[in-house]
Amino acid sequence: MLLFTPGPTPVPEFVRVAMSEPTIHHRTPEFEEIFAKTRILLKDVIGLPEVLMLASSGSGAMEACVTSLCAKKLLSVNSGKFGERFGKIAKAYGIPNVEIKNPWDIPASLEQVMDALKANPDIDAFCIQVCESAGGLRHSYEVLARAVKEHNPEIMVIVDGITALGVEELDVSCVDALIGGSQKAFMLPPGLSLIGLSQKAVEKIQERDVGFYFNLKTELKNQDKNTTAWTAPTTLIIGLYAFLERAKEMGYATIYHQVRARSMACDAAMEGIELKIYPTMPALSMTCVHHTQSDALRKVLKENYGVNIAGGQDDLKGKIFRINHMGMIPVSEISWVVNAVELSLDVLGIRKFNGLANQIFVEQYFKVLK
Ligand SMILES: *Cc1c(COP(=O)(O)O)cnc(C)c1O
């Protein structure tokens, strides 16, 4: 079965092999050495001066960032399930929350953000996704982050880059916290979250000192010494080290370029067989197609062609399908997925198969790659 969901992504063999070594104790020089090397590689890919690794899925890091960096009022963008989550976290902790709410195919605008900031001078943190995975939507987070900082440099900018980190070069010049998750572009099993931090965020964390398990001050103190506050997810960190080493060897520029080519070619192929790309501003991490027979299509894909892709949630349940582009994916595999989508449309009597999708995919892929 080809796993083509936008998280979890497939775990490559070299990562599985690295993780199959006998478990080592986390309070040992051996593990501390791996931890130290992983921190260096992580800082390199994230581009911020400090990084933390937490034993949690991505949502744990989102929660830790909100509680650590927001004291007064949170401004969050809800263009889907993951943006909505920031608001839910604020609610759970009794943090006042102003939410910019849009349909799931519409990114937050500069005007919406500026209006909210002007109406709420007590906002001290801003949360947004780079890619809102619910509908494969790319927010212009870099433009919005810059505007927030120009308005008030004290506002902490928290960016959920879980489906963007490792996918494209991210501008972190106005970002205080950048969040990543193991099971997306890092091609690891779920259970490890990552946070990149600016110097200002580090100071804020030291000053606020909130929470227990997710107390980032405690984590900073330990991780600076190449250990963790609680038992480290050693196996996942060993896997992450293997992944980051390989990624560095390949070069991030190459990885980003290949993701872009696969993603743009796949979008073009879907449009070429008269399917509609759902978001008005598509992210590179996935191709998200709006189709009323999405669930039937996914079933055929799985049963007839061995391809597992994702559907939609909430209002988009049964109405979209999402194909992953994160990670180091062999082009032969995504090429087969594109073929399989067209074959499935034929099985469902929607469109006769003639190989057009894959023809467009291959042509566009090499055009973008050049
Ligand atoms: C997957 C994902 C998350 C984290 O979800 P978890 O299930 O907690 O790992 C957060 N934000 C985005 C944009 C995601 O795609």
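Every value quoted in this text rests on a predicted model; they were computed, and no experiment measured them.

K.L.:
Can you break down the pattern of salt bridges residue by residue, with the values?
P.N.:
In the structure shown here, the tally under the stated rule is 16 salt bridges. Note that Glu154 and Lys200 form a salt bridge whose closest N and O atoms lie 3.3 Å from each other. Of this pair, Glu154 sits in the loop between α6 (141-151) and β8 (156-160) while Lys200 sits in helix α7 (residues 199-208), and the two are 46 residues apart along the sequence. For Glu154, a relative accessible area of 48% puts it in the partly exposed group. Beyond isolated ion pairs, a larger network of salt bridges with shared partners links Lys81, Glu84, Lys88 and Asp314.

K.L.:
Which residues make up the sheet that holds strand β12 (residues 286-290), and what values do they have?
P.N.:
Pairing in this open sheet of three strands is antiparallel, and the strands run β11-β12-β14 from one edge to the other. Edge positions in the open sheet fall to β11 (276-277) and β14 (320-324), since each of these has one partner strand only. Lying on the sheet, helix α10 (residues 252-272) is in contact with β11, β12 and β14; it crosses β12 at an angle near 15 degrees.

K.L.:
Explain unusual backbone geometry to me, using residue names and the numbers behind them.
P.N.:
Backbone torsion omega between Gly7 and Pro8 reads -5 degrees, so that peptide bond is classified as cis. Along the polypeptide, Pro8 turns up in the loop between β1 (2-3) and α1 (13-19). Notably, Asp209 is not glycine yet its phi reads approximately 50 degrees, a positive angle. With respect to the helices and strands, the residue Asp209 is situated in the loop between α7 and α8 (216-223). Given a relative accessible area of 42%, Asp209 falls into the partly exposed group.

K.L.:
Let's hear about the sheet that holds strand β9 (residues 177-181): which residues, and what values?
P.N.:
Judged by pairing direction, the sheet is mixed, and its seven strands sit side by side in the order β2-β10-β9-β8-β5-β3-β4 without closing on themselves. Each edge of the open sheet carries a strand with a single partner, namely β2 (50-54) and β4 (97-101). Strand-to-strand twist of the sheet, defined as the mean angle between neighbouring strand axes without regard to direction, takes the value 20 degrees. Both strand β3 (residues 73-78) and β4 contribute to a ladder of five bridges, which runs parallel. By the bridge assignment for β4, Ser76 is matched with Glu99.

K.L.:
Could you give an account of the environment of Glu271, naming the residues involved and the relevant values?
P.N.:
Examined against the element boundaries, Glu271 turns out to sit in helix α10. On the basis of relative accessibility, which here comes to 48%, the residue Glu271 falls in the partly exposed class. Sequence separation between Glu271 and Lys367 is 96 residues; the distance between their C-alpha atoms is 17 Å.

K.L.:
Help me get a handle on the packing of aromatic side chains, residues and values and all.
P.N.:
Tallied over the full model, the rule gives nine aromatic pairs. Here the aromatic rings of Tyr252 and Tyr256 are separated by 5.9 Å at their centres, their planes lie at 35 degrees, and the arrangement is tilted. On the criterion of helical spacing, the pair formed by Tyr252 and Tyr256 is a turn pair, its members being four residues apart in helix α10. The class for Tyr252 is buried, based on a relative accessible area of 15%. An aromatic cluster is present here, built from Phe212, Tyr213, Phe214 and Trp230 joined pairwise through their rings. Sitting over the face of the ring of Phe82, Lys184 holds its NZ or CZ atom 5.4 Å from the ring centroid. Directly above the aromatic system of Phe14 lies the positively charged group of Arg246, at a separation of 3.9 Å from the ring centroid.

K.L.:
Give a description of the site of the ligand that names residues and reports values.
P.N.:
Surrounding the ligand, one finds 14 residues, the nearest of these being Ser57, Ser59, Ser133, Asp160 and Lys184. For the ligand, an oxygen atom lies 2.5 Å from a polar atom in the side chain of Ser59. A distance of 2.8 Å separates an oxygen atom of the ligand from a polar atom in the side chain of Gln183. In isolation the ligand offers 380 Å² of accessible surface; the protein chains occlude 88% of this area. Its atoms largely coinciding with the cavity grid, the ligand occupies the largest pocket. When residues of the shell around the ligand are traced back to their parent elements, those giving at least two are α3 (58-69) and α4 (81-92). With three residues, the top contributor of residues to the shell around the ligand is α3.

Cut-off values and rules
- For every chain, the first residue of the written sequence is number 1, and numbering continues from 1 along that sequence.
- Per-residue local features are limited, in this predicted model, to residues with pLDDT of at least 70; the limit for side-chain atom pairs, both in listing and counting, is 80 or more; totals at the level of whole chains, interfaces and linings are taken over all residues.
- With hydrogens and water set aside, each side-chain value is computed from the structure's full complement of heavy atoms.
- For this analysis, a salt bridge means a side-chain nitrogen from Lys or Arg found within 4 Å of a carboxyl oxygen belonging to Asp or Glu.
- The numbering of helices and of strands both runs from the N terminus, where a helix is a DSSP run of H or I of at least 4 residues and a strand a run of E of at least 2.
- Buried means the residue's accessible area, taken with a 1.4 Å probe over protein chains only, is under 20% of the maximum for its type, while exposed means over 50%, and partly exposed covers the values in between.
- Strands are treated as partners if at least two bridges between them are detected by DSSP.
- Residues count as neighbours in contact if any of their non-hydrogen atoms are within 4.5 Å of one another.
- Fitting a line to C-alpha atoms yields each axis, with helices limited to the stretch in contact; the angle taken between N-to-C directions then spans 0 to 180 degrees.
- The aromatic pairing rule takes the rings of Phe, Tyr and Trp, using the six-membered ring of Trp, and pairs them if the centres are within 6.5 Å, calling planes under 30 degrees apart stacked, those over 60 edge-to-face and the rest tilted.
- Whether a charge sits over a ring comes down to the Lys NZ or Arg CZ being within 6 Å of the ring centre and within 35 degrees of the ring normal.
- Nearness here has a simple test: a residue counts as near a molecule or strand if at least one of its heavy atoms is within 4 Å of that partner.
- Pairs of N or O atoms are called polar contacts if they sit within 3.5 Å, as long as, within protein, a hydrogen donor faces a hydrogen acceptor (for residues adjacent in sequence, only side-chain-to-side-chain pairs).
- Residue burial considers only the protein chains on display, and all accessible areas are found by Shrake-Rupley using a 1.4 Å probe.
- Put plainly, a pocket is an open set of points on a 1 Å grid over the protein atoms alone with protein on both sides within 12 Å along at least five of seven lines, a cavity is a set where a 1.4 Å probe fits but cannot get out, and a lining residue has an atom within 4 Å of a point.
- If over half the atoms of a molecule are within 2 Å of the grid points of a cavity or pocket, the molecule is regarded as sitting in it.

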